[in-house]
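# Structural features, examined
One-letter residues, chain by chain:
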Amino acid sequence: MTNYEIDNILINFGFASKEEKKEILRSNSQKKVFMDLTCYDPNEFYNEFPQLKGTFAALFCDDRKKIELHLKEKNELFLQQLTRLEFHPVETSIVSCGFIFPRTIVQIINEAYFALEEKVASKEDINRAMKFGVNYPLGPFDWAQGKEKLVVTLLDELLLKTNDQRYRCCSLLRNDFF
Amino acid sequence: MNLQRIVVIGAGTMGSGIAQWFAQQMCYVELVDNSEDQLKRSVQSIHSSWDKLVEKGKLTSCQVGQMKQFLSTCTLEKANPKSDLVIEAIIEDLEIKKTLFKKLDSLFDKKTILSSNTSSFPITLLSEAVSDERKPNFIGLHFFNPATIMLLVEVIKGLRTDATLCESLYQWFELKGKKPALCKDSPGFIVNRVARNFYGEPLRIVDNDDEQKFKEVDTILKEVGGFKMGPFELMDLIGIDINYSVTHSVWEAFNQEPRFAPHHLQKLMVDSKRFGRKSKKGFYPYD
């Protein structure tokens with residue numbers, strides 16, 4: 001995790017457990033906080049911490065550094081800092097657990113792992129099929145590379161929030177994480 | 001492996017695209033359809049596509065002249081019985097396909113490879129229509145639309161398909177510039193299975209009929225995710241009815257596994273005849 005403090009605002013980047021994220025908010029109750037909550041539900045945090053003024057999802061972003069951003073309160077200092085760090089925020093009004101892109105991509109990755117576990121095809125052929133059959137910019141395993149922990153965390157969070165078995169994490173993916 | 005004589009059955013969008021691609025590889029292609037008019041339309045459309053490629057400087061008129069020589073049409077009975085490969089690309093109806101394969105089995109040499117471009121039926125199930133002798137030479141070859149542009153071919157091994165045949169076809173397609181993917185005979189194969197969540201998850205994020213939110217989700221997945229089209233505009237282009245039908249069939253094939261469950265909005269759209277671009281109203285209006 002990385003924190004940036006400018007005047008009365010705090011920007012929190014990076015991955016941490018839900019409790020660690022909440023602890024940062026508790027210890028910065030007098031500040032305006034903007035936080036990366038890629039793997040969690042921003043609504044849960046907004047409800048509990050009025051000092052949280054905006055959330056974003058940067059953990060799955062690629063070299064283009066485009067990130068999803070939800071703002072409860074517009075803040076020029078925060079936006080300037082994102083620009084300084086070469087992020088390109090795309091604002092949305094939708095507040096959803098796992099935002100939009102991370103939530104969609106972890107489900108695609110999870111299904112690719114289920115297909116691999118059932119020996120439907122090799123990793124290489126699954127990547128290739130999605131890139132050349134439906135023009136995905138990357139194959140599911142390319143997307144997952146080095147981000148298995150994030151994928152598993154978000155799937156577990158979605159399952160916890162919805163109690164819907166569609167978010168059950170494939171055991172092969174969980175093994176890759178561990 | 002050397003594929004030179006190809007028969008493509010079905011002159012609809014997929015069959016025409018497949019026939020065009022094989023003719024571009026300088027294979028002799030016989031295109032077959034029940035409808036003479038459909039065959040004429042298909043050949044005209046393929047010729048016109050080639051002529052445009054000449055205008056754009058992507059092909060020479062000499063190349064196109066040759067390609068046109070490689071493409072012909074005929075009735076099923078008059079197709080070359082010694083062809084190397086037959087590709088079925090007709091309507092997605094199990095009984096009609098099985099009847100056709102039974103006939104193909106009797107018409108073509110036992111060395112001829114019989115294949116299906118099906119996206120929804122198990123290859124092993126289709127192969128029940130052919131003799132035991134043919135089964136090792138029965139395979140799934142799933143092309144993607146437009147077949148001349150999309151590089152993927154799913155090479156599907158049925159339970160009785162000869163593994164060597166799969167490998168040989170994989171290599172042949174690779175040599176010809178396609179990007180083949182070898183897969184097991186499993187519902188949805190690779191793409192129609194793994195891609196389900198590209199539609200299912202955004203539907204659950206929005207959860208109701210809200211055009212502004214469809215637009216936001218499409219924008220995020222294009223801008224942030226790098227996808228060429230957003231899920232809602234893509235469903236409108238494919239046809240919401242077709243997308244729903246694929247989702248439903250994969251869900252059923254996996255014994256109603258929750259990961260593939262259709263979303264209630266998909267059914268509502270289909271019931272209210274909001275099929276997408278073709279009905280001028282889907283997730284977006286097209287007036």
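Residues numbered from 1 in each chain as written. Chains lettered and ligands numbered in written order. Predicted model: local features only at pLDDT ≥ 70, side-chain atom pairs only at ≥ 80, totals over all residues.

Right, let's get into unusual backbone geometry. Geometrically, the link from N145(B) to P146(B) is a cis peptide bond, its omega value of -5° lying close to zero. Residue E86(A) is not a glycine yet carries a positive backbone phi of 65°. Position of E86(A) among the secondary structure elements: in the loop between α3 (76-84) and β6 (88-91). By the C-beta count within 10 Å, which is 8 here, E86(A) ends up exposed. Unlike most non-glycine residues, N255(B) shows phi in positive territory, near 55°. Its place among the elements puts N255(B) in the loop between α11 (240-253) and α12 (264-271). For N255(B), a count of 8 C-beta atoms within 10 Å puts it in the exposed group. (Helix = DSSP H or I, 4+ residues; strand = E, 2+ residues; numbered from the N terminus. Buried ≥ 20, exposed ≤ 12 C-beta atoms within 10 Å, placed from the backbone.)

All right, on to the domain arrangement of chain B then. The domain architecture assigned to chain B consists of domain 1 (5-190) and domain 2 (195-279). When each unit is reduced to the centre of its C-alpha atoms, the spacing between domain 1 of chain B and domain 2 of chain B is 29 Å. (Domains from an automatic or database assignment.)

All names here are of chain A. What the domain assignment lists for chain A is domain 1 (2-91) and domain 2 (101-177). Contacts between the two partners involve nine residues from domain 1 and, on the opposite side, nine residues from domain 2. In terms of residue class, the side of domain 1 that touches domain 2 is made up of six nonpolar, one polar and two charged. (Contact = placed C-beta atoms within 7 Å. Nonpolar A, V, L, I, M, F, W, Y, C, P; charged D, E, K, R; others polar.)

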